[in-house]
Amino acid sequence: MFSQIAISTILLLVWVSSSPYAHAQDYAQVACGGRPNMANGCRPVVTDTVLKTDLYGVRCCSSAPFPHAKKQAQCDVWAIARTPTVTCNTAATYEEALAHCNNLGAERLCTVDELLNKCAKSTGCGLNKKLVWSLPSTASPTQSPVSLPEPLTASPTKAPVVLPGPLTASPT
């Protein structure tokens, strides 16, 4: 029978190797779709980093005007969520959100700053109080780096844990 230390070490190594925080490209950002600072808005979470396979709403932005898009006075972008021929997408993966923006004729997803500045507010689909897919504010329209979320539990290391003494089966 293995000692408690050996079993703990094996379990720790298995947990580290299967950690969902392994690949930054698997994550993207979401932000409040239109009412981040209102009492009945997205509070307490107005931005988050989530798996790209999660489902969120879609609001899209462009630096130039295009059909059916709205421009808020305080913003330099035109925003859209739907058109008369392209319906709302309130539960899309990240890849589906990118395709939805393309179908709407928009250049890209809105950035976090654009969403928090209410540039996409009231563009339809009931997303003002919901988190929607976004690009990081530092990203160019063709690039979207993300940072990993902090693990909710103790921070594991990728290096094996070295424990004193041999890890051999001990008799019971």
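See above for the structure.
What counts and what doesn't
- In this convention, every chain numbers its residues from 1, walking through the sequence in written order.
- Only residues with pLDDT of at least 70 get local features here, since the model is predicted, and only at 80 or more are side-chain atom pairs given and counted; chain-wide, interface and lining totals rely on the full set of residues.
- Hydrogens and water molecules were not included; the side-chain quantities draw on all heavy atoms of the structure.
- Two strands pair under a simple rule: DSSP has to find at least two bridges between them.
- Where helices and strands are cited, they refer to DSSP runs of H or I of at least four residues and of E of at least two residues respectively, numbered from the N terminus.
- Axis geometry follows a simple rule: fit a line to the C-alpha atoms, using only the stretch in contact for helices, then measure angles between N-to-C directions, giving values from 0 to 180 degrees.
- Just to be clear on terms, a salt bridge is a Lys or Arg side-chain nitrogen sitting within 4 Å of an Asp or Glu carboxyl oxygen.
- Each residue is assigned to one of three classes by its accessible area relative to the maximum for its type, calculated with a 1.4 Å probe on protein chains only: buried under 20%, partly exposed between the two thresholds, exposed over 50%.
- Working definition: a disulfide is two cysteine sulfur atoms within 2.5 Å of each other.

**Student:** For this particular structure, what's the right way to read the sheet that holds strand β6 (residues 131-134)?
**Tutor:** Ordered by their spatial adjacency, three strands build an open sheet running β2-β1-β6, and the pairing between neighbours is antiparallel. Edge strands, defined here as strands with exactly one partner in the open sheet, are β2 (47-51) and β6. Taking each pair of neighbouring strands and ignoring which way they run, the sheet shows an average axis angle of 40°. In this sheet, β2 lies alongside strand β1 (residues 27-32) in antiparallel orientation, the contact comprising five bridges. Among the inter-strand pairings, A28 is bridged to a residue of β2, identified as V50.

**Student:** Could you clarify how one ought to interpret the pattern of salt bridges in this entry?
**Tutor:** Scanning the entire structure with this criterion turns up one salt bridge. For E114, the salt bridge goes to R108, with nearest N and O atoms at 2.8 Å. Accessibility classification places E114 together with R108 in one group, the buried group.

**Student:** I would appreciate a short explanation of the state of the cysteines in the present structure.
**Tutor:** Disulfide: a covalent bond connecting the sulfur atoms of a pair of cysteines. Across all of its chains, the model carries five disulfides by this definition. For C61, the disulfide goes to C110, at an S-S distance of 2.0 Å. Judged by the torsion about the S-S bond (90°), the C61/C110 disulfide is right-handed. Taken together, the residues span a long stretch of sequence, with C61 in strand β3 (residues 60-62) and C110 in the loop between β5 (108-109) and α3 (112-116) at a distance of 49 residues. Across a sulfur-sulfur distance of 2.0 Å, C75 and C119 are joined as a disulfide pair. The S-S bond linking C75 to C119 shows a torsion near -95°; that makes this disulfide left-handed. Note that C75 is positioned in the loop between β3 and β4 (78-80) and C119 in the loop between α3 and β6, a separation of 44 residues in sequence. Just as C75 is buried, C119 falls in that class too. Going through the protein chain in sequence order and numbering each bonded cysteine, the pairs you get are 1-2, 3-7, 4-8, 5-9, 6-10.

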